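# Descriptive analysis of the structure
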Amino acid sequence: MRRRVVTGTCGSLGSLTALHRAAAEARARDAELWVILAWRAPLGPESRACGGGLPLLVGCRDAAVERLREVLGTAFGEGPPDVTLAGLAVRATPGAALVDTVCGPDDLLVVGTGSRAPLTRALRPSVSRYCLAHAPCPVLAVPPSPLQADLDAMHRRIAWRRPLDAGDLTR
């Protein structure tokens, strides 16, 4: 079996940073690149009781597959990276989807560390921590892009209606 480099994506700046690092690692290791997009039904397991059933799940899966195509197109443009690429839309939580895709100790799991502000930590569990605790292979945790801090600062300025200083854009 050929070695794999497994990574997850959702389309965020942090996940695109991890995706590009995973592609570089796959090239360096002569391994396949497996890109996972985890999805869940919007109403959870209760959706069947609400009458959504199978059509709802099929629609969610199709939307996840289309989102994965869009993310890969954004990340790599029209041409695929110089590695064998496999994309999977998996119905699971992100951490479980990534760990379950890894085959063994020869694989590499690449995860983004993401923004871990106190509110984010309270509302969403850390995918990278889950992977570090449960993966049967090495895990490479990729820090957020330096642009992420600038983008977050701009969003805060907009949210608080603070004027934009042109000096902030030229740093």
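Report on the accompanying structure.

This next bit is on the nonpolar core. Core analysis: the largest hydrophobic core is formed by 23 residues, its most contacted members being Val5, Leu19, Leu33, Val35, Leu72, Phe76 and Val110. Put simply, the parts of the chain that give this core at least two residues each are α1 (13-29), β2 (32-39), α2 (53-76) and β4 (108-112). Counting residues per element, this core draws most heavily on α2, which supplies seven residues. Each residue touching Val5, except ones within four places of it in the same chain, is listed here: Ala22, Glu25, Ala26, Arg29, Ala31, Glu32, Leu33, Trp34, Leu108 and Val110. In this structure, Ala97, Leu109, Cys131 and Ala135 belong to the second largest nonpolar core, which totals 12 residues.

This paragraph deals with the pattern of salt bridges. In the structure shown here, the tally under the stated rule is six salt bridges. Note that Glu25 is salt-bridged to Arg21, the shortest N-O span being 3.2 Å. Taken together, the residues span about one helical turn, with Glu25 and Arg21 both in helix α1 at a distance of four residues. For Glu25, a relative accessible area of 15% corresponds to the buried category. Take Arg21: its relative accessible area is 37%, and that puts it in the partly exposed class. Between Arg69 and Glu66 there is a salt bridge, and its shortest N-O distance comes to 3.6 Å. In this pair, Arg69 and Glu66 both sit in helix α2, three residues apart, roughly one turn of the helix. Accessibility expressed as a relative area gives 55% for Arg69, which makes it exposed. Taken together, the shared-partner salt bridges in this structure form one network comprising Arg21, Glu25 and Arg29.

With the rule as written, the count across this model stands at zero aromatic pairs. One Lys or Arg, Arg4, reaches over the ring of Trp34 and ends 3.7 Å from the middle of that ring.

By the criterion of burial, β4 is predominantly enclosed, with four of the five residues buried. Relative to β4, strand β1 (residues 4-8) runs parallel, the two being bridged by three bridges. The partner of Val5 across the bridge, within β4, is Leu108. Strand direction decides the pairing type here: β4 and strand β5 (residues 139-142), joined by four bridges, are parallel. Counted as the bridge partner of Leu109 is Val139 from β5.

As a further point, take helix α3 (residues 94-101). In terms of burial, α3 is a largely internal element, six of the eight residues being buried. What α3 keeps buried is the set Gly95, Ala96, Ala97, Leu98, Val99 and Thr101. At its buried positions, α3 is contacted by β1, β2, β3 (85-91), β4 and α5 (127-134).

It is worth spelling out the environment of Gly95 at this point. Within the fold, Gly95 resides in helix α3. Judged by its relative accessible area of 5%, Gly95 falls in the buried class. Spatially, the C-alpha atom of Gly95 lies 8.2 Å from that of Ser126, the residues being 31 residues apart in sequence. Sequence-distant contacts of Gly95, defined by excluding residues within four places in its chain, comprise Val127, Tyr130 and Cys131.

Calculation criteria
- Residues numbered from 1 in each chain as written.
- Predicted model: local features only at pLDDT ≥ 70, side-chain atom pairs only at ≥ 80, totals over all residues.
- Heavy atoms only, no water.
- Core = buried A, V, L, I, M, F, W, Y, C linked by side-chain atoms within 4.5 Å.
- Buried < 20%, exposed > 50% of the residue type's maximum accessible area, 1.4 Å probe, protein only.
- Helix = DSSP H or I, 4+ residues; strand = E, 2+ residues; numbered from the N terminus.
- Contact = heavy atoms within 4.5 Å.
- Salt bridge = Lys/Arg side-chain N within 4 Å of Asp/Glu carboxyl O.
- Phe/Tyr/Trp six-rings, centres within 6.5 Å; stacked < 30°, edge-to-face > 60°.
- Lys NZ or Arg CZ within 6 Å of the ring centre and 35° of its normal.
- Pairing = 2+ DSSP bridges.

Take it as geometry only, folks, not as evidence of what the structure does.
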